[in-house]
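Chain and residue survey
Listed below are the residues making up each chain.
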Amino acid sequence: MQRILGEIVVLVMAAVVSVAVLSPGVQVVIAGVRPSPGDTAFLILGMVYGMVAPIGYFLAETWWRRALVLMLATVAAATIVAASYLFETRQPLPALAGSGVASGRLSVVVEVARGARVAVGSGSDFAQAALLAERLALASAWVAAREAGGGGDAIGRVDRAWSALEGDLRANPVIAAAPFVARLVGEMRTRLRPAARRSREGWGETTLPSSLRPPLYQAP
């Protein structure tokens, strides 16, 4: 009898939670307009929940496990949506903090990029290159953090992602500012992992005029 009552309660719970989670996304689709960041968040919420919750519900063998699956699926979907929304609204550091990576350590991205923009002047082409470095580094960190198993693993993955990004930029023969962006990414890696400060091959060449290079960004 207890099991039957539990199954009924969980079934009602599943119906109520599913309607609450999926309805906003369905309304966005029906509206047929270009979604805002908030609308996009509701769409992602519905998709993540719709993929995870039903599978977990039917695989769970007892009513209380099904209830737990519904709650965990809702929390997981909400966490992913919150991080996605923060990135959409250009708040990447809080988003990364929510995904388990310490925002205090990744603040080096903004610190290095802003320092470069101040050094080269906000109106120069290299200021735009510094902004590009900031966005590429944060995007790479976000992808690495989502694949990580924990905070320590995340930092290692971020370092490797930035290493690959730095190498790609150094080898880019098309974009004139690519070596400069590579240098900034390298400096971010140095500050993220002080122990690896001298493990890189070097700064490489840059087209930044020497008169505009502060000591921090000069090649050794």
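Analysis parameters
- Residues numbered from 1 in each chain as written.
- Predicted model: local features only at pLDDT ≥ 70, side-chain atom pairs only at ≥ 80, totals over all residues.
- Heavy atoms only, no water.
- Helix = DSSP H or I, 4+ residues; strand = E, 2+ residues; numbered from the N terminus.
- Expected span 1.5 Å × (residues − 1).
- Bend = angle between axes of the 7 residues up to and from the residue.
- Buried < 20%, exposed > 50% of the residue type's maximum accessible area, 1.4 Å probe, protein only.
- pLDDT = per-residue confidence, 0-100.
- Contact = heavy atoms within 4.5 Å.
- Phe/Tyr/Trp six-rings, centres within 6.5 Å; stacked < 30°, edge-to-face > 60°.

Over its 30 residues, helix H1 (residues 2-31) runs 43 Å from end to end, which matches the ideal 44 Å to within 8%, given 1.5 Å per residue. The sharpest bend along H1 comes to roughly 35 degrees, located at leucine 22, with the proline proline 24 sitting one to four residues further on. Listed as buried for H1 are Gly6, Glu7, Val10, Ala14, Val21, Gly25 and Val28.

Before going further, it helps to spend a moment on the confidence of the model for the chain. Per-residue confidence for the chain gives a mean pLDDT of 76; residues scoring 70 or more make up 77%. Mean pLDDT values for the elements of the chain range from 62 in helix H4 (residues 92-98) up to 88 in helix H8 (residues 178-192). This stretch, residues 195-220, has a pLDDT under 50; its non-local contacts, to residues over four places away or in other chains, come to 42 contacts.

Further remarks concern the packing of aromatic side chains. Counted under the stated rule, the structure contains two aromatic pairs. When the ring of tyrosine 57 is compared with that of phenylalanine 58, the centres are 5.4 Å apart and the planes differ by 85 degrees; the resulting orientation is edge-to-face. Since its relative accessible area comes to 10%, tyrosine 57 is described here as buried. The exposure class assigned to phenylalanine 58 is exposed, which follows from its relative accessible area of 66%. When the centroid spacing of 5.1 Å and the interplanar angle of 90 degrees are considered together, the rings of phenylalanine 126 and phenylalanine 180 count as edge-to-face. Placement of the pair is phenylalanine 126 in helix H6 (residues 125-147) and phenylalanine 180 in helix H8, with a sequence separation of 54 residues. You can call phenylalanine 180 buried: its relative accessible area is 1%.

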